[in-house]
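Here is what each chain is made of, one letter per residue.
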Amino acid sequence: MKRAHINSSVFEQVGYDLEKQILELKFKDDDGPVWQYLNLPMRVFRAFMRAASKGNYFVTRIKGKYPEKKVT
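Residues numbered from 1 in each chain as written. Predicted model: local features only at pLDDT ≥ 70, side-chain atom pairs only at ≥ 80, totals over all residues. Heavy atoms only, no water.

(A) Structural detail: the pairing of strand β2 (residues 11–17). Across the seven residues that make up β2, a large majority, five, are buried. Bridge count for strand β1 (residues 4–5) against β2 is two bridges, and the pairing is antiparallel. Each bridged residue has a counterpart across the sheet, and for His 5 the counterpart in β2 is Gln 13. Counting the residues that bridge the hairpin from β1 to β2 gives five residues. Across six bridges, the pairing between β2 and strand β3 (residues 22–27) is antiparallel. Bridging across to β3, Val 14 finds its partner in Leu 25. Between the end of β2 and the start of β3, which pair antiparallel, lie four residues, with Gln 21 showing a positive phi angle near 55°. (Buried < 20%, exposed > 50% of the residue type's maximum accessible area, 1.4 Å probe, protein only. Helix = DSSP H or I, 4+ residues; strand = E, 2+ residues; numbered from the N terminus. Pairing = 2+ DSSP bridges.)

Shown next, in the form of C-alpha cells:
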C-alpha cells in the first residue's frame, strides 16, 4: 500500500485503501513498525486526518476498535 508522510508526533506515514477499507500506519517509535487497521470506514479515516491530535484520535477512536495486524 502506498503511504504518505504525515505531520504527527506519533506517526511517520499513513495510507488508506478505500476498496479494502484498510488504514495503514507507520509509527515513529523504535523500529517504526507498520500496522494495518481493518474494516475501517472512510469517514473514520477522514476524521483521523482532520484531527488536531492524530495520536489522541487514534487511541480513542481506532486502537482496539478495529481488527489490527502488524505488517512484516
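(B) Quick peek at the packing of aromatic side chains. Per the counting criterion, the structure on display carries seven aromatic pairs. Seen from their ring centres, Phe 11 and Phe 58 are 5.3 Å apart, and the 80° between their planes marks the pair as edge-to-face. Highlighted residues: Phe 11 in strand β2 and Phe 58 in helix α2 (residues 54–62), separated in sequence by 47 residues. For the pair Phe 11 and Phe 58, one class covers both residues: buried. The structure contains a cluster of three or more aromatic residues connected by ring pairs, namely Phe 11, Phe 27, Tyr 37, Phe 48, Tyr 57 and Phe 58. (Phe/Tyr/Trp six-rings, centres within 6.5 Å; stacked < 30°, edge-to-face > 60°.)

(C) Seen up close, the nonpolar core. Within the largest apolar cluster, 18 residues are counted, with the highest numbers of intra-cluster contacts made by Leu 23, Leu 25, Tyr 37, Leu 40, Phe 48, Phe 58 and Ile 62. The leading source of residues in this core is helix α1 (residues 42–50), at four residues. In this view, Ile 62 contacts Leu 23, Tyr 37, Leu 40, Val 44, Phe 48 and Tyr 57; residues no more than four positions away in its chain are not counted. (Core = buried A, V, L, I, M, F, W, Y, C linked by side-chain atoms within 4.5 Å. Contact = heavy atoms within 4.5 Å.)

(D) Looking closely at α1. Restricting attention to buried positions, one finds in α1 the residues Val 44, Phe 45, Ala 47 and Phe 48. Seen from one end, α1 has its buried residues packed into an arc of 165°, which puts them on one side. Exposed positions of α1 whose direction lies more than 90 degrees from the buried face are Arg 43, Arg 46 and Arg 50. Its buried side turned inward, α1 meets β2, β3 and α2. (Arc of directions from axis to C-beta.)

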